[in-house]
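# Residue-level structure breakdown
Residues per chain are reported as follows:
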Amino acid sequence: MPDLNVDEIPSGASVPVSADGVSPEVPDFAFDPTDPWTETFQKGLERAGLSGKRIYEVGIGTGINVAFLLRMCGAAHVSGSDLDPRLVVLAERNVRSLAPEEANLFHPVRGEVSLIDTEEAQARIAETDVIIACLPQVGDPGDRRLTAFRKAQSVELPEGAGEKADDHIAHYYPWAAFDEYPFNSVGLGLNEALLRRIRDQAPTAQVIMNFGCRIGTGIIFEMFEANGFRPEKLHSQIVRQDAGTDISFFVMLEKALRGTGLEKDLVCVFFADEDAASPLSASEAQDLLDRDPDTPLFHEVCVIRAVPVAA
Amino acid sequence: MDVTNAIDCNGLSAAPTLLRIKQALVGLVDHALPLEILVDEGCDQERLRRSLGRHGGAVRLISRPQ
Ligand SMILES: C[S@@+](CC[C@H](N)C(=O)[O-])C[C@H]1O[C@@H](n2cnc3c(N)ncnc32)[C@H](O)[C@@H]1O
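In this text the structure is predicted, and so the values were computed from the model without any measurement.

Now for the site of the ligand. Residues and elements named next belong to chain A. Not every one of the 19 residues close to the ligand is listed here, only the nearest: Thr38, Glu57, Gly59, Asp82 and Leu115. Between the ligand and Asn65, the relevant distance is 3.0 Å, taken from an oxygen atom to a side-chain nitrogen or oxygen of the residue. Out of a free accessible area of 590 Å², the ligand has 96% covered by protein chains. Listing elements by their share of the shell around the ligand, those giving two or more residues are α1 (36–47) and α6 (168–171). By residue class, the composition of the shell around the ligand is 12 nonpolar, 5 polar and 2 charged.

Moving on: the nonpolar core. All names here are of chain A. Judged by nonpolar contacts, the single largest core of 79 residues is most densely connected at Ile220 and Phe224. Not counting chain neighbours up to four residues away, the residues in contact with Phe224 comprise Leu195, Val207, Met209, Phe211, Phe229, Pro231, Ile304 and Ala306. Counting 22 residues, the second largest nonpolar core, distinct from the first, contains Phe68, Ala75, Ala103 and Phe106.

Residue and element names in this part refer to chain A. Not every positive phi belongs to a glycine, and Ser154 is a case in point at roughly 55°. Relative to the elements of secondary structure, Ser154 occurs in the loop between α5 (144–152) and α6. Relative accessible area serves as the criterion here: at 56%, Ser154 is assigned to the exposed category. The backbone of Ala276 sits at a positive phi, close to 60°, despite the residue not being glycine. Note on placement: Ala276 falls in the loop between β7 (270–271) and β8 (279–280). Using a relative accessible area of 24% as the deciding quantity, one classes Ala276 as partly exposed.

Of the residues lining the interface, 18 residues belong to chain B; the matching set on chain A comes to 24 residues. Overall, the association of chain B and chain A removes approximately 1,700 Å² of surface from exposure, summing both partners, and the carbon and sulfur fraction of that is 63%. The three residues of chain B that bury the most area against chain A are Leu19, Arg20 and Gln23 of chain B, which together make up 34% of that side's buried surface. The interface formed by chain B and chain A holds 2 salt bridges in total. At the boundary of chain B with chain A, the tally comes to 6 residue pairs in polar contact (both at pLDDT 80 or more). Of all the secondary-structure elements, those providing two or more residues to the side of chain B that touches chain A are β1 (7–9), α1 (14–25) and α2 (45–52) of chain B. In terms of residues, the side of chain B that touches chain A owes the most to one element, α1 of chain B, which gives 9 residues. Along the lines of polarity and charge, the residues of the side of chain B that touches chain A split into 9 nonpolar, 5 polar and 4 charged.

About the thresholds
Residues numbered from 1 in each chain as written. Chains lettered and ligands numbered in written order. Predicted model: local features only at pLDDT ≥ 70, side-chain atom pairs only at ≥ 80, totals over all residues. Heavy atoms only, no water. Near = heavy atom within 4 Å. Polar contact = N/O pair within 3.5 Å; in protein donor to acceptor, adjacent residues only side chain to side chain. Areas by Shrake-Rupley, 256 points an atom, 1.4 Å probe, with all protein chains shown as cover. Helix = DSSP H or I, 4+ residues; strand = E, 2+ residues; numbered from the N terminus. Nonpolar A, V, L, I, M, F, W, Y, C, P; charged D, E, K, R; others polar. Core = buried A, V, L, I, M, F, W, Y, C linked by side-chain atoms within 4.5 Å. Buried < 20%, exposed > 50% of the residue type's maximum accessible area, 1.4 Å probe, protein only. Contact = heavy atoms within 4.5 Å. Buried area = accessible area lost by both parts, 1.4 Å probe. Salt bridge = Lys/Arg side-chain N within 4 Å of Asp/Glu carboxyl O.

Written out as structure tokens, the structure reads:
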């Protein structure tokens, strides 16, 4: 078996490029697996002790994590699905090339699957030990209600932010569609919706989720606790803010709290430097971007494991 | 009390509750008011009320044990 080792991976990318030089196929509609978010996620997954576990990935992307879980973490088997039906087909190809010997342990759930909202996904989830996901935490800039809220805060949508990249749904979610979930108010509606479904469909399963911590780790932990999970941080890294992702979502949250006496309770967390020595609020970060759109900005990404309290 | 149309803020502390209220009020027509807000038992209602300012009259805060 060709070796697949994170140590051999070029620095800045823990993507499993195998020792025999096979690299994943990454069309424009797939989330780029060389992104530091995926690197962070995989380091957290490595620490989670997943040997022998049955895993389901919600939002499978290129399938890079499936290959990683099968080859590097000794998972018993991995299932997975995505909202974009092209991705699961891509993932099957990538898993076959990156993890040929374990490819038969991948059970894709084909078609368009939002969260785990099909019978097949639910049947798989019911026999899963660990559910993993890294889902969007920013409302779609084109969302009608979000646009009204943005206008009410007099926050401009930066130029170009309304344009849809091919991998748009990897970064943004339809905000109003998840408004029944309380944590939607801070961009966590899609993630909270997944936790509720897991609680119903797989009440004893653990979850391991990857988050951008721009909204603050405290409130992410509160979301888990409010939904009956006990969270712990497995791994965390400071990464560069993706230049293409709009941060005005965070700016409008801060602005809506201005003058209410609650503004100190929720301050978004960006950094001006890689060492995270100089914190910036979202409004400060946006000011820097307005002056120079190429200003490097950083934020924490962390991997959280959560176990159901009742289990 | 019928709270079926209430905005659910369970699990949220004061700041995200206030955001949720402001988001819910955007674009709402007057006859839909006051909006019922199901607040978390642990949420500091006094503080929330003060922070609501001019929106205070547009909402009714309701807390009920889960
Ligand atoms: C940030 S990417 C992560 C991809 C991959 N899991 C990784 O860690 O590299 C988010 C993925 O979630 C998918 N996604 C977005 N909304 C979804 C939803 N409602 N249900 C399932 N998948 C979704 C996107 O298509 C995308 O593949």
